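Understanding the architecture of this molecule
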Amino acid sequence: MADALPEELDVVILGTGLQEAIIAAACSRIGQRVLHVDRRNYYGGNWASFSFSGLLSWIEECRGQTSGNAEVSWKDKILEEEDAIQLGQVDKSIENLEVFCFVSTATEENVVEIGALENKQTNVDSNTAIENAVLGSQDEKNQTCKVTSIGGAESPLENLEDQDSPLSTKEEVSSEKIQQKDKPCPGHVPSSTATEISLATKEITDNMPSVEVEADNKDQTTDASAQEVKKEAKKLTYSQIAKDGRKFNIDLTSKFLYSRGSLVDLLIKSNVSRYAEFKNITRILTFQGGKVEQVPCSRADVFASKQLTMVEKRMLMKFLTFCLEYEQHPDEYIDFKDSGFSDYLKTKKLTANLQHFILHSIAMVSESASTTEGLKATQHFLQCLGRYGNTPFLFPLYGVGEIPQCFCRMSAVFGGTYCLRHSVQCLVVDRETMRCKAVVDSNGHRISCEHFIVNHNYLPEKHTKNVQHRYISRGVLITNSSVLKSNSEQISILTVPAVEKDQPSVRIIELCPSSNTCPQGTYLVHLTCLSNGTAKEDLEPVVSTLFTQYSENEETDCHECEVEEKPRLLWALYFNVRDTSAVDRSTYEGLPSNVFVCGGPDDALGFEQSVTQAEDIFHQLCPGEEFCPAAPKPEDIIYDSDGAQPANAGFGAPTESEAAEVKENTNPESDPTEDGNDEVVKSLDINEMDQQSISRESAMSNPDTQTLKCSNGSEMPKDAE
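Everything quoted here is computed from the prediction, not taken from an experiment.

This paragraph deals with the environment of Gly386. Its location among the elements puts Gly386 in the loop between α12 (371–384) and β15 (393–396). Under the relative-accessibility criterion, Gly386 is labelled partly exposed at 32%.

The buried fraction of strand β13 (residues 283–288) amounts to five of the six residues, a majority that puts the element mostly inside the structure. Across four bridges, β13 lies against strand β22 (residues 492–496) in parallel orientation. Following the sheet pairing, Leu285 is matched in β22 by Leu494. Across four bridges, the pairing between β13 and strand β14 (residues 291–294) is antiparallel. Across the sheet, the residue bridging to Leu285 is Gln294, located in β14. As consecutive antiparallel partners, β13 and β14 are separated by two residues, and within that stretch Gly289 has a phi angle of approximately 65 degrees, a positive value.

Before going further, it helps to spend a moment on the confidence of the model for the protein chain. Model confidence for the protein chain is summarised by a mean pLDDT of 76, while 67% of its residues fall at 70 or above. Predicted confidence in the protein chain is weakest over strand β8 (residues 196–197), with a mean pLDDT of 32, and strongest over strand β10 (residues 250–251), with 98. Note on residues 118–218: pLDDT under 50 across the span, and 187 contacts to partners over four residues away in sequence or across chains. Contacts of residues 717–721 to residues separated by more than four positions or lying in other chains number 14 contacts, the stretch itself having pLDDT below 50.

A separate point is the sheet that holds strand β18 (residues 436–441). Taken together, four strands build an open sheet; the order of strands is β4-β17-β18-β19 and the sheet is antiparallel. Unpaired on one side and paired on the other, β4 (82–86) and β19 (446–448) mark the two borders of the sheet. Taken over all neighbouring pairs, the strand axes of this sheet differ in orientation by 30 degrees on average, direction set aside. As paired elements, strand β17 (residues 424–430) and β18 share five bridges and run antiparallel to each other. Within the sheet, the bridge partner assigned to Val429 lies in β18 and is Cys436.

Once that is clear, we can look at the packing of helix α9 (residues 310–324) against helix α11 (residues 352–362). Between α9 and α11, whose axes approach to 10 Å, the crossing angle comes to 40 degrees. Regarding the angle of α9 to α11, the classification is oblique. Considering how the two elements wind past one another, α9 and α11 form a crossing that is right-handed. Between α9 and α11, the residues in contact are Glu312, Met315, Leu316, Phe319 and Leu320 and Asn353, Leu354, Ile358 and Ile362, respectively. The residue makeup of the contact of α9 with α11, split by class, is seven nonpolar, one polar and one charged.

What counts, and at which threshold
- Residues numbered from 1 in each chain as written.
- Predicted model: local features only at pLDDT ≥ 70, side-chain atom pairs only at ≥ 80, totals over all residues.
- Heavy atoms only, no water.
- Helix = DSSP H or I, 4+ residues; strand = E, 2+ residues; numbered from the N terminus.
- Buried < 20%, exposed > 50% of the residue type's maximum accessible area, 1.4 Å probe, protein only.
- Pairing = 2+ DSSP bridges.
- pLDDT = per-residue confidence, 0-100.
- Contact = heavy atoms within 4.5 Å.
- Axes fitted to C-alpha atoms, helices over the stretch in contact; angles between N-to-C directions.
- Parallel < 35°, antiparallel > 145°, perpendicular 65-115°, else oblique.
- Left-handed = near helix turned anticlockwise from the far one by under 90°.
- Nonpolar A, V, L, I, M, F, W, Y, C, P; charged D, E, K, R; others polar.

Laid out in structure tokens, this is it:
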């Protein structure tokens, strides 16, 4: 594929992050010839999502700091009247990467990730990724748990191999588990360690007669059996996490979509929303007085809340009503325009409880934010309420990494060319015009182009020496329960205020299995804040406050009364990521005028900055053109003169043969969440599915009836309230 790349293009884009993907889609949509390449073997860059084994491979890639591409000489491609700008081949945007495992790492031999494909490049290769990922930080700080066998001797982690293994149903997993129990254990694995509980099936098997406890009859078991099952259910191992690794979708960047934010509007306008599904964020939490509590957001929530007195409810509603129209009452805040929002709240005679709710859970701004910033953030929060649910936020099923891929798909539909594991070695600059006229790729091919777009992380240091970077501290945790337990699965957001004055507040996003980001029996927790030190130093105080380390020692159960409400921490990853979102174009030295730089993810909760940057760059590339217009209606498409109609590009209604294929291949029993939660994905009858699919296709082709597809099976109209 790389040898057949076109030699002349309009736009060459290096990097597949969100901004680059949006620009590629916008340019392809108006007929520009686009080549979109990435030196990695996955889409998204620092916006990507990984399975568990894919994340371990990413960790090894970051630690190895290798380019992954053999350099081919490019100097013979440069003519006398031309200069060359060599690009960097190593990404240095990730620092201070540390991994900790708190479950037993004494694995079985030949642990196979369910559904893994043989020789898949994003998966883990043999011992290397697991041993280095789990034990790498131990060599540096000796803070990870020791890997020991039952006999007390240290034992290395066993292989996590990539083998052909089709996706299994629950029954297949259960059957396979029973067969494994009857097989003799490997000599180096004690029989007592052979007992496992599958995260997918929660089936309990050991050397004693098996006990099967279903959700419907737990209350009918004896107290002794229930206690025994409870003890066994707590025993999780690293091998179980590895086996269910493909059920994880772990984001490098953790964000939500504001329901009336710029990204949702762009998804609907461009019809890219058809490529993804979204789930409502069901609750907003706050941390106050050492406890996690739910924050009332809507009018109904406020008056139904038992946390607020009647006086507080009226005070809160009065203030929120003012925030919705604060521009019309400048006399209310003009004297405090330059002061802090937290100081302004104190002047509104709000109780300390209400000030905490508004500052950290509604406005979600820092203590140093100005009054104008706080009022604007509160107004935006309130305007987003009710469009798709009781909170202002949406989350894409399977993770944030789906969003860049959706825009890349749109670009490909309209003629964009894509090539992963491929890069650009240098830019060819005309000395007279000082414009980039061509690029030389990693295979030594020269490709002419009008414009070049590059992610900041690809630029050499000599062009970025005046750039001031910020860093973001990120944490990814796998836990066994929610920070605030409830009867149903919830996607939650929690802001933990700074403990000390100079420390940043920490934003926590907790994802449940119904978000299709983690298997049953686990929760995925993302922590984000601006960096003061390493990610572990910034985030560990919050982690130790809200979570307790997983322990298999049953003697510690006597202390369970103190920590039983805290989720158990199974696995943790900390890293710092460079934030270049606010870097001004003028700070880059020696770049041609037709070279544009895209920043990475910022620390904000939403996507506004990324969409704004992508739109600004597009208008510089193509002044006067519409940014990401909607796809044309099928009846408006003009085909070639020979009358042959091309294959369905994915925007029109499916043909009869495609509809028949869907009817033949769709499994009505297949549920991607596998949790039985009807609020997430409802099983549809095949005929009903086909009818909805056709109506959805026709609706998507009409800008007046554009919708956003949500995971409960319904379509959210653009102006739904």
